[in-house]
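# Report on the structure
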Amino acid sequence: MIRNVLGSLVALAGAASAVLSPFRDWYAGRAGQDYRVEDLFGGITAAESGVLVSMLLPFLAAALLVVVGVVLRSRLVVALAGLVVLGFTILWMVRQGQATGSLVVAGDGSGLQVGVVNALAGGLLMLIGALLMSGRGRRRRREREPVEPYAAPAADQVDTWPPTQEPGMSVQTSPWPEPEVDPYTGPDPRDPRTRSYPQAPPAESDPRDPVHPPHRPPPPPPPQG
């Protein structure tokens, strides 16, 4: 944003300098508006020129391009305007050198003057402004990839740590099956250290009901008188 603003200001300043240059002296006291545009292609003559068909015409077109480029934030259009100003100015210098035999810069006003400097500076400022501008930002639409839900692990995979993709809380387990603990059935009679310990009676000889606890028989009913 800041680059666009700064570049636009520099380019607009260059456009103003280019439009102002035809109203100032270009060579030997002759203003830029006195040179016809057609003289740049057929040779410079001493004939007077109208304002709208003078050097002002291409510079006005370049200034219009700068305004369009600033509005559209187009670096290419602004740079094109600068090339138009520089191109017509350099072409005029070539034709003027052919007409007079040489181009000189003299302090008494008999050579190149400030109008040419304004035109060249305006074209350079337009190019600098185009370089400073960042242009229009291209919005890249990032295609969001669809997020697929976590798939349940295969049957041969055990839920271990770190957590897997299986929904729910994961706990740290071993990939090996847990050993089953045998219930305690008393001391081992084959072990000489525990052979003297009392042993539990076999299940088939135990008179107690293995399901229901032992209970006393109900008392007999009282005699009726």
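Conventions we followed
- Residues numbered from 1 in each chain as written.
- Predicted model: local features only at pLDDT ≥ 70, side-chain atom pairs only at ≥ 80, totals over all residues.
- Heavy atoms only, no water.
- Phe/Tyr/Trp six-rings, centres within 6.5 Å; stacked < 30°, edge-to-face > 60°.
- Helix = DSSP H or I, 4+ residues; strand = E, 2+ residues; numbered from the N terminus.
- Buried < 20%, exposed > 50% of the residue type's maximum accessible area, 1.4 Å probe, protein only.
- Axes fitted to C-alpha atoms, helices over the stretch in contact; angles between N-to-C directions.
- Parallel < 35°, antiparallel > 145°, perpendicular 65-115°, else oblique.
- Left-handed = near helix turned anticlockwise from the far one by under 90°.
- Contact = heavy atoms within 4.5 Å.
- Nonpolar A, V, L, I, M, F, W, Y, C, P; charged D, E, K, R; others polar.

Counted under the stated rule, the structure contains 3 aromatic pairs. With a centroid separation of 4.9 Å and 85 degrees between ring planes, the pair formed by W26 and W92 is classed as edge-to-face. In this pair, W26 is assigned in strand β1 (residues 25-27) and W92 in helix α4 (residues 75-100), connecting sequence segments 66 residues apart. Like W26, the residue W92 is buried in the burial classification. Aromatic side chains Y35 and W92 sit 5.4 Å apart centroid to centroid with 80 degrees between the ring planes, which places their arrangement in the edge-to-face category.

Between helix α3 (residues 56-72) and α4, the shortest axis-to-axis distance is 7 Å and the interhelical angle comes to 165 degrees. On the basis of the axis angle, α3 is roughly antiparallel to α4. The way α3 lies across α4 gives a crossing that is left-handed. Contacts from P58, F59, A62, L65, V66, G69 and V70 in α3 reach V77, V78, L80, A81, V84, V85, F88 and T89 in α4. Grouping the constituent residues of the contact of α3 with α4 by class yields 13 nonpolar, 2 polar and no charged.

None of this, on its own, says anything about what the molecule does.
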